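Report on the structure
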Amino acid sequence: MPRTARDVVFVDGVRTPFGKANKGLYTETRADDLVVRVIRELLRRNPALPPERIDEDAIAATTQIGDQGMTIGRSAAILAGLPRSVPGYAIDRMCAGAMTAVTTTAAGIAFGAYDVVIAGGVEHMGRHPMGEGVDPNPRYLSEKLVDPSALIMGNTAENLHDRYPTITKERADAYAVRSQEKTAKAYAEGKIQPDLVEVAVRSSENGYGLATVDEPPRPGTTMEALATLKTPFRPHGRVTAGNAAGLNDGATGAILAAEDVAAELGLTVKMRLVDFAFAGVDPEVMGVGPIPATEKLLARNGLTMDDIGLIEINEAFAVQVLAFLEHFGIPDDDPRVNPWGGAIAMGHPLASSGVRLMMQLSRLFAERPDVRYGLTTMCVGMGMGGTVLWENTNWEGNAK
């Protein structure tokens, strides 16, 4: 039978507040329970969606052991009370896990295999530190397949500073200060809070509590304070805890649907997925990954960066963002880029972050009917980058 590709839309997205790994908000909270909280909130916020219409639950985690194991997409679906008919799976593309959960299930929707899906990610870096249980093949080093620095993300960021000598520590610190300032302003204006789901937390020391806001932000951060921080990855280096995302815990989730099915069910549509691209780069400079992924995507769709009105780029390291901006000739303080701040302030629980970018872009689209296209993009460990192109369904040109 002939098949016609269907348009895929982003219906809604929510996330837990992000916590600090190790003695943070979620020290005594399970990773799978964070995912459960997200799934239940998505259903509560979208009562027009019959749970039995969900065709897949794809949840990403970088470290898939313990409470992030057991095929977490399926186990979280059961724990959240979804009908047993809803299947699920786990997915891993390191930092781009949730992004890949979205693009993979979206491809299934476009193909006609799914109508509605939940896609997201979780990372509890306190319970499962990055690299836990990993056993790198000795051939990586013995055969010099990758530089040894490729296995430590902070070292790859220092390598990126080497490759881009114009990106100084001062420039990276200035970017980090702006990220903190933008996030503080967004919080003060109530921009972030609508998509945060409250999470009950327990502490043996402090008893029970409620997580309602992100824990990592440091409002009031100054250049003078950042200048005093140590450079743990290299003596007299340029990467510090202040100009990089921290170690964090948190979960995200989104509802995606075929556009015609969303209309049938009466679901609100926030944006339309146009295309996506992933690309590989040298692992020792993984931070440049968003550049070829974005170039591939723009070329395939006949667009230039001038056509992009909003850019949500994951701030794993300030230098990685600045390398992207420098490549495309975008000023460091371009208002299109992360208007509400990013991971340097809010946190980066690895596999969950891709959907956070999408949630923020969808909210910004609602405020900016003059903008037609936006990007969500991120670098990925082991030398990759991913970029997704979105169209604003509220674009004022639709009415013409």
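Below: a short report on this structure. Treat the numbers as computed from the prediction; the structure is a model and nothing was measured. (Residues numbered from 1 in each chain as written. Predicted model: local features only at pLDDT ≥ 70, side-chain atom pairs only at ≥ 80, totals over all residues. Heavy atoms only, no water.)

1. Quick notes on the overall build of the protein chain
- When you go through the protein chain residue by residue, the secondary structure sums to twelve helices and twelve strands.
- Computed over the C-alpha atoms, the radius of gyration of the protein chain is 20 Å, within 12% of the 21 Å expected from 2.2 N^0.38 for a compact globule of 400 residues.
- By its C-alpha atoms, the protein chain is 60 × 55 × 50 Å across when sized along the principal axes.
- Across the 400 residues in the protein chain, those meeting the buried criterion constitute 57%.
- Roughly 16,100 Å² of accessible area belongs to the protein chain as shown, and the carbon and sulfur atoms make up 53% of that amount.
- In the protein chain, which carries 39 positive and 50 negative side-chain charges, the distance between the mean positions of the two groups comes to 1 Å. (Helix = DSSP H or I, 4+ residues; strand = E, 2+ residues; numbered from the N terminus. Rg over C-alpha atoms; globule rule 2.2 N^0.38 Å. Buried < 20%, exposed > 50% of the residue type's maximum accessible area, 1.4 Å probe, protein only. Areas by Shrake-Rupley, 256 points an atom, 1.4 Å probe, with all protein chains shown as cover. Lys, Arg positive; Asp, Glu negative; His and termini not counted. Charge placed at Lys NZ, Arg CZ, Asp CG, Glu CD.)

2. Considerations on the nonpolar core
- Counting 82 residues, the largest nonpolar core has Val 122, Met 358 and Trp 390 as its most contacted members.
- The element contributing the most residues to this core is helix H1 (residues 31-45), with eight residues.
- In terms of nonpolar packing, the next biggest core, distinct from the first, is built from 41 residues, Met 286, Leu 298, Ile 311 and Val 321 among them. (Core = buried A, V, L, I, M, F, W, Y, C linked by side-chain atoms within 4.5 Å.)

3. Here's the deal with the pattern of salt bridges
- Evaluated as defined, the whole model comprises 27 salt bridges.
- Notably, a salt bridge pairs Lys 169 with Asp 173, separated by 2.7 Å at the nearest N-O pair. You can see Lys 169 and its partner Asp 173 sitting in helix H6 (residues 169-188), four residues apart, about one turn around the helix.
- Taking the relative accessible area as the measure of exposure, Asp 173 reaches 3% and is therefore buried.
- Across the pair Arg 171 and Asp 332 runs a salt bridge whose closest N-O atoms are separated by 2.7 Å. With Arg 171 in helix H6 and Asp 332 in the loop between helix H10 (318-327) and helix H11 (343-346), the pair connects residues that are 161 residues apart, well separated along the chain.
- Taken together, the salt bridges that share partners define one network made up of Asp 12, Arg 45, Asp 195, Lys 270 and Arg 363. (Salt bridge = Lys/Arg side-chain N within 4 Å of Asp/Glu carboxyl O.)

4. Side note on the pairing of strand S3 (residues 54-60)
- Taken across its seven residues, S3 has six buried, putting it largely inside the fold.
- In this sheet, strand S5 (residues 116-124) lies alongside S3 in parallel orientation, the contact comprising six bridges. Opposite Ala 58, over in S5, you have Ala 119 as the bridge partner.
- Bridge analysis of S3 against strand S4 (residues 88-91) gives four bridges, and the strand direction is parallel. Within S4, the position partnered with Ile 59 by the bridge is Ala 90. (Pairing = 2+ DSSP bridges.)

5. Side note on the side chain of Thr 387
- Relative to the elements of secondary structure, Thr 387 occurs in strand S12 (residues 384-392).
- Assessed through its relative accessible area of 0%, Thr 387 is described here as buried.
- A distance of 2.8 Å separates the side chain of Thr 387 from the side chain of Thr 377, its partner in a polar contact.
- Leave out the neighbours within four places in its chain, and Thr 387 touches Met 99, Asp 275, Phe 276, Ala 277, Pro 290, Ala 293, Thr 294, Leu 297, Leu 375, Thr 376 and Thr 377. (Polar contact = N/O pair within 3.5 Å; in protein donor to acceptor, adjacent residues only side chain to side chain. Contact = heavy atoms within 4.5 Å.)

6. Some details on unusual backbone geometry
- A positive phi is found at Lys 144, a non-glycine position, where the angle reads about 55°.
- Here Lys 144 shows up in the loop between helix H4 (139-142) and helix H5 (153-163).
- Positive phi is not limited to glycine here, since His 236 has a value of about 55°.
- Assignment of secondary structure puts His 236 in the loop between helix H7 (223-227) and strand S8 (248-258).
- On the basis of relative accessibility, which here comes to 80%, the residue His 236 falls in the exposed class.

7. Observations concerning the packing of H6 against H10
- H10 packs onto H6 with a crossing angle of 100° between their chain directions and a minimal axis gap of 9 Å. Comparing their axes, H10 and H6 come out roughly perpendicular. For the pair formed by H6 and H10, the contact residues are Arg 171, Ala 172 and Tyr 175 on the first element and Ala 318, Val 321, Leu 322 and Glu 326 on the second.
- Residue composition of the contact of H6 with H10, by class: five nonpolar, no polar and two charged. (Axes fitted to C-alpha atoms, helices over the stretch in contact; angles between N-to-C directions. Parallel < 35°, antiparallel > 145°, perpendicular 65-115°, else oblique. Nonpolar A, V, L, I, M, F, W, Y, C, P; charged D, E, K, R; others polar.)

8. Focus: the packing of aromatic side chains
- The full count for this structure, using the stated rule, is three aromatic pairs.
- Taking 4.9 Å as the distance between ring centres and 55° as the angle between the ring planes, the aromatic pair formed by Phe 324 and Phe 328 counts as tilted.
- If you follow Arg 15 out to its NZ or CZ, it ends over the ring of Phe 18, 4.4 Å from the centre.
- The ring centre of Phe 278 lies 3.7 Å from the NZ or CZ of Arg 93, which sits over that ring. (Phe/Tyr/Trp six-rings, centres within 6.5 Å; stacked < 30°, edge-to-face > 60°. Lys NZ or Arg CZ within 6 Å of the ring centre and 35° of its normal.)

9. Some points on the state of the cysteines
- In total, this model carries zero disulfides according to the counting rule given.
- Distance from the sulfur of Cys 95, which forms no disulfide, to the nearest cysteine sulfur (Cys 379) is 6.1 Å. (Disulfide = S-S within 2.5 Å.)

10. Quick look at the pairing of strand S10 (residues 308-313)
- Counted residue by residue, S10 has six buried out of six residues, so it is predominantly covered.
- Across five bridges, the pairing between S10 and strand S11 (residues 373-380) is parallel. By the bridge assignment, Leu 310 is partnered in S11 with Gly 374.

11. Quick word on a nonpolar patch on the surface
- Among the surface-exposed residues, Leu 141, Leu 151, Ile 152 and Phe 233 lie close enough to one another that they form a single nonpolar patch of about 330 Å² accessible area.
- By the secondary structure assignment, Phe 233 is in the loop between H7 and S8.
- For Phe 233, a relative accessible area of 34% translates into the label partly exposed. (Patch = residues over 30% accessible without salt bridge, like charges linked within 9 Å, V, L, I, M, F, W, Y side chains within 5 Å.)

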